[in-house]
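The primary structure of each chain is shown beneath.
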Amino acid sequence: MPHRGLVKVCLEEGVFFLTGKDFTNAGAASSSLKGILERLGVRKDIIRRTAIAAFEAEMNVIIYAVAGMMKYRITDTEISVIINDMGHGIPNIELAMTEGYSTAPDYVREMGFGSGMGLPNIRKNTDSLTVDSVVGEGTTMEFVIQLNAVN
Amino acid sequence: MNLGEILNILDADILTCASSLQKTVESAYCADLMSDVLSFSTTKSLLITGLTNVQVIRTAEMAAIELIIFVQGKRPDLRTINLAIEKNIPLFATGLSMFEACGRLYERGLRSQVHIYSQSPFGSCRTGAS
């Protein structure tokens, strides 16, 4: 294969659509992504990190936004996931990145979420994370996980 | 520790199929906060929880949890059980309290993989620092 290592060879890409407040199907997109990574034979610890990050991001869309999309692209070197939503936006991203900070309503906490660990946990499990948000319009988050990372 | 032993220790019922009783776990984690499970649990673990909704199964799936034990006599609904079967995650239910369930497993030698969380988000509260 020419230029291997310089050119990223795309193995698979796709998109999942997410509906806000649809708690019945919350996690279905991340579950599908996990299944794709398993089928491609990605290492188990990398699958776990990706699944956790994707699930946290997906739950954020379900909890806070009206609707959103999860786009993924798997190359021979990395997994990149972009989640964008139509939601309230995040007024202070730095604050949202703080462990324990949450604006989740009580019914979300009763389901076991909204303890303010979401964004910090995405950062913990990924190799790079960018969050862009416009208040009143929505949030776009992109994270990348390297496939050749040492454990 | 294998799942069959755990079933006996906790006087638990199996809510999914019994075929996986030879499977083993190396550590345990307990929480009602799924956010904590996603942040702090480790692989080859079982999860002890009092929460019985469908998100518990999703969380366990993402965090690669090997077994879920529901405590306090709580039972999940059929939809939750079906998702667990689909995802091949065995479910146990015990009438014991969470404390009692954890205590019995600890007594038999099961431990959590991480003993001290060095980056506690609420560390300043614990030390009383202002």
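Report on the accompanying structure. Fair warning: this is a prediction, and the values are worked out from it, not measured in the lab. (Residues numbered from 1 in each chain as written. Chains lettered and ligands numbered in written order. Predicted model: local features only at pLDDT ≥ 70, side-chain atom pairs only at ≥ 80, totals over all residues. Heavy atoms only, no water.)

Glancing now at the sheet that holds strand β5 (residues 91–93) of chain B. Residues and elements named next belong to chain B. Strand order in the open sheet made by the 5 strands is β1-β5-β4-β3-β2, with mixed pairing throughout. Since the sheet does not close on itself, it has two edges, and those belong to β1 (13–14) and β2 (27–30), each with one partner. Two strands pair when backbone bridges link them, and strand β4 (residues 67–70) and β5 are joined in this way by 3 bridges, in the parallel orientation. Looking at the pairing, isoleucine 69 lines up with phenylalanine 92 of β5. On the sheet, helix α3 (residues 54–62) packs against β3 (45–49), β4 and β5 and is oriented at approximately 150° with respect to β4. (Pairing = 2+ DSSP bridges. Helix = DSSP H or I, 4+ residues; strand = E, 2+ residues; numbered from the N terminus. Contact = heavy atoms within 4.5 Å. Axes fitted to C-alpha atoms, helices over the stretch in contact; angles between N-to-C directions.)

Residue and element names in this part refer to chain A. Contact geometry of helix α1 (residues 28–39) with helix α2 (residues 44–64) gives a least axis separation of 8 Å together with a crossing angle of 160°. Taken together, α1 and α2 sit at an angle that is classed as roughly antiparallel. In the packing of α1 onto α2, the handedness of the crossing is right-handed. On α2, the residues that touch Ala28, Ala29, Ser30, Leu33, Lys34, Leu37 and Glu38 of α1 are Ile47, Thr50, Ala51, Ala54, Phe55 and Glu58. Among the residues making up the contact of α1 with α2, the classes are represented as 8 nonpolar, 2 polar and 3 charged. (Parallel < 35°, antiparallel > 145°, perpendicular 65-115°, else oblique. Left-handed = near helix turned anticlockwise from the far one by under 90°. Nonpolar A, V, L, I, M, F, W, Y, C, P; charged D, E, K, R; others polar.)

This part takes up the pattern of salt bridges. Tallying each qualifying case throughout the model produces 13 salt bridges over all chains. We note a salt bridge from lysine 8 of chain A to glutamate 78 of chain A, for which the minimum N-O separation is 3.2 Å. Of the two residues, lysine 8 of chain A is situated in the segment before β1 (10–19) and glutamate 78 of chain A in strand β3 (residues 78–86); the sequence distance between them amounts to 70 residues. By relative accessible area, which is 45% here, lysine 8 of chain A ends up partly exposed. The exposure class of glutamate 78 of chain A is buried, given its relative accessible area of 13%. The partner of aspartate 11 of chain B in a salt bridge is arginine 104 of chain B, and the shortest N-O contact between them spans 3.3 Å. (Salt bridge = Lys/Arg side-chain N within 4 Å of Asp/Glu carboxyl O. Buried < 20%, exposed > 50% of the residue type's maximum accessible area, 1.4 Å probe, protein only.)

Core analysis: the biggest nonpolar cluster contains 65 residues, and Leu33, Met70, Phe113 and Phe143 of chain A together with Ile68 of chain B have the highest contact counts within it. Among the elements that take part in this core, α2 of chain A stands out by supplying 12 residues, more than any other. Contacts of leucine 33 of chain A, omitting those with residues within four sequence positions, involve Phe16, Thr50, Ala54, Met70, Tyr72, Ile74 and Val81 of chain A. The next biggest cluster of nonpolar side chains, apart from the first, holds 18 residues, and it includes Leu10, Leu96, Leu105 and Leu110 of chain B. (Core = buried A, V, L, I, M, F, W, Y, C linked by side-chain atoms within 4.5 Å.)

Quick look at the interface of chain B and chain A now. Contacts between the two partners involve 26 residues from chain B and, on the opposite side, 25 residues from chain A. When the two sides are added together, the surface that chain B and chain A hide from each other amounts to roughly 2000 Å², 54% of it contributed by carbon and sulfur. Taken as a group, Leu38, Gln55 and Met62 of chain B account for 33% of the area that chain B buries against chain A, more than any other trio of residues on that side. In this structure, the connection of chain B to chain A is made through 0 salt bridges. Run the count over chain B and chain A and you get 13 residue pairs in polar contact (both at pLDDT 80 or more). Among the residues making up the side of chain B that touches chain A, the classes are represented as 11 nonpolar, 9 polar and 6 charged. (Buried area = accessible area lost by both parts, 1.4 Å probe. Polar contact = N/O pair within 3.5 Å; in protein donor to acceptor, adjacent residues only side chain to side chain.)

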